[in-house]
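Here's the letter readout for the chains.
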Amino acid sequence: MNIVPEIAALDTEMRGWRHHLHAHPETAFEEAATSAYVADKLRSFGLDVHTGLAKTGVVAVLTNGRSDAAIGLRADLDALHIHEQTGVPHASVNAGRMHACGHDGHTTMLLAAAKAMTERRNFDGTLYFIFQPAEENEGGGRVMVEEGLFDRFPVRAVYGMHNWPRLPAGTFAMREGPLMAASDTFEIVATGKGAHAAMAYQGKDPMLFAAHAIHALQTIVSRNLHPLESGVVSVTQVHGGDTWNVIPEQVLLRGTVRTFRDDVQALIERRMRVLVDGIAAMFEMTATLRYRRGYPATVNSAAETAHAARAAAAVVGADSVDTNPTPEMGSEDFAFMLQRRPGCYVWLGAGHGPDTPNIHNPRYDFNDAVLPIGASYWVTLAEQQLPRAAA
Ligand SMILES: [Zn+2]
Ligand SMILES: [Zn+2]
């Protein structure tokens, strides 16, 4: 393991930052105290700090030498609406909010890398340390991009990292192409004709629509998608009816669609419309489908994935870097940055045995043992990707 010496020296301090952030979690676009904490730390390291992008976003700039080479390193600031059940001394003091995705650890590792780089200054170019709000659900990364992140801070490539408790600590995984899926949501409202349940022949029963639709939607992936392509269609909510003896007027279905490719996403949406219209016609009622595109797929570019693998191998050894992991159908709003710039999103192994709670679990806590590994990866990547400082 090659931990950068300036990072090793920060080990105790990093745990302190992480525990402070963990105890004070804030959710999407309300990360005011977190943002101020991060900005203060970055200023104290002597960095040029910009605040207010996407409300609570922070970008710190470190320039050395004259080269116009520039890369961006990104972490996320936000927590989740979860009641923490870890019982750790640094547990959340903000009721109903919890750093259950490890963004406290991500923020800490990027802070440590920023501090180490101000001390090392052995590069020629500019480093942008990007701390984004609202990764969970609200697309803070998209808002930063829309508000001109890359116009104000012209990076050539951008890199992201997420702790991954399903992989052992001391490992990394990344792959060229999609690593995380596009995440869409849908809502279907079927409107029939209410009736006395004993006189069903006088009505148009939207429950029948729901039963047929849930079943038919499952044929899209199995019967319309190429067997080597990936997609998920999940109906996750069914709402309709209030009592035993009434056929309701309406039934509402909601759910999510996950895909890696634009053409697969378009195929699924098109087939959903055909099925919804067809089933409604079959039962002589009306149905509407609202399909909302959310986060795009997180797609890593080839060269930057090779750069990320090289940096990870320099820290943990090539045998501990998996460059062909099975992608996950979860999603990540770093995808919006990767739509604008080449880059790579990596998983940082963070597991400590088979019982490690996964992210978004109320018993999850970021694994402090990987703080120096992730921070050393950032430093190593930056120094490999920017020219060496002139002697
Ligand atoms: Zn999360
Ligand atoms: Zn996360």
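These remarks concern the structure in this document.

Cut-offs applied
Residues numbered from 1 in each chain as written. Chains lettered and ligands numbered in written order. Predicted model: local features only at pLDDT ≥ 70, side-chain atom pairs only at ≥ 80, totals over all residues. Heavy atoms only, no water. Axes fitted to C-alpha atoms, helices over the stretch in contact; angles between N-to-C directions. Helix = DSSP H or I, 4+ residues; strand = E, 2+ residues; numbered from the N terminus. Parallel < 35°, antiparallel > 145°, perpendicular 65-115°, else oblique. Left-handed = near helix turned anticlockwise from the far one by under 90°. Contact = heavy atoms within 4.5 Å. Nonpolar A, V, L, I, M, F, W, Y, C, P; charged D, E, K, R; others polar. Pairing = 2+ DSSP bridges. Donors = N, O, S within 2.8 Å, 3.2 Å for Na, K, Ca; no water. Salt bridge = Lys/Arg side-chain N within 4 Å of Asp/Glu carboxyl O. Buried < 20%, exposed > 50% of the residue type's maximum accessible area, 1.4 Å probe, protein only.

Okay, the packing of helix H9 (residues 302-316) against helix H11 (residues 371-385) next. The N-to-C vectors of H9 and H11 enclose an angle of 125 degrees; their axes lie 9 Å apart at closest approach. On the basis of the axis angle, H9 is oblique to H11. In the crossing of H9 with H11, the sense of the turn from one axis to the other is right-handed. In this structure, H9 uses His-307, Ala-308, Arg-310, Ala-311, Ala-312, Ala-314, Val-315 and Val-316 to contact H11, whose residues at the interface are Ile-373, Ser-376, Tyr-377, Thr-380, Leu-381, Gln-384 and Gln-385. Residue classes in the contact of H9 with H11 are distributed as nine nonpolar, five polar and one charged.

Let's shift gears to the packing of helix H7 (residues 206-224) against helix H8 (residues 262-282). Between H7 and H8, the shortest axis-to-axis distance is 10 Å and the interhelical angle comes to 145 degrees. Two packed elements cross with a definite hand, and for H7 against H8 that hand is right-handed. Contact residues: Phe-209, His-212, Ala-213, Ala-216, Leu-217, Thr-219, Ile-220 and Asn-224 in H7; Leu-267, Ile-268, Arg-271, Met-272, Leu-275, Val-276, Ile-279, Ala-280 and Met-282 in H8. The residue inventory of the contact of H7 with H8, partitioned by class, reads 13 nonpolar, three polar and one charged.

Now for the sheet that holds strand E8 (residues 182-191). Spatially, E10-E12-E8-E13 is the arrangement adopted by the four strands of the open sheet, whose pairing is antiparallel. At either end of the open sheet lies a strand with only one pairing partner, and these are strand E10 (231-239) and strand E13 (286-295). Adjacent strand axes in the sheet meet at a mean angle of 20 degrees when their direction is disregarded. Contacts from H8 reach E8, E10, strand E12 (250-259) and E13, with the element oriented near 165 degrees to E13.

Coordination angles at a metal have ideal targets, namely 109.5 degrees for four tetrahedral donors and 90 or 180 degrees for six octahedral donors. Protein ligation of the zinc ion (ligand 2) involves Cys-101 (SG), His-103 (NE2) and His-162 (NE2), the donor distances falling in the range 2.0 to 2.3 Å. Coordination of the zinc ion (ligand 2) draws on donor residues from a single chain, spaced C-x1-H-x58-H in sequence.

Turning our attention to the pattern of salt bridges. In this structure the tally under the stated criterion is 19 salt bridges. Where Arg-15 meets Asp-11, a salt bridge forms, and the shortest distance between an N and an O atom there is 3.6 Å. Taken as a pair, Arg-15 and Asp-11 lie in helix H2 (residues 11-23) at a separation of four residues, close to a single helical turn. Of the charged contacts, one joins Arg-43 and Asp-40 as a salt bridge, the two residues approaching to 3.4 Å between their closest N and O atoms. With a gap of three residues between them, Arg-43 and Asp-40 both fall in helix H3 (residues 32-44), about one helical turn apart. Taking relative accessible area as the criterion, Arg-43 reaches 43% and is therefore assigned partly exposed. Residue Asp-40 is classed as partly exposed on the basis of its relative accessible area of 47%.

Even without a glycine there, the phi angle at Arg-121 is positive, about 40 degrees. Locating Arg-121 in the fold gives a position in the loop between helix H4 (103-120) and strand E4 (125-132). One non-glycine residue, Glu-284, lies in the positive phi region at around 55 degrees.

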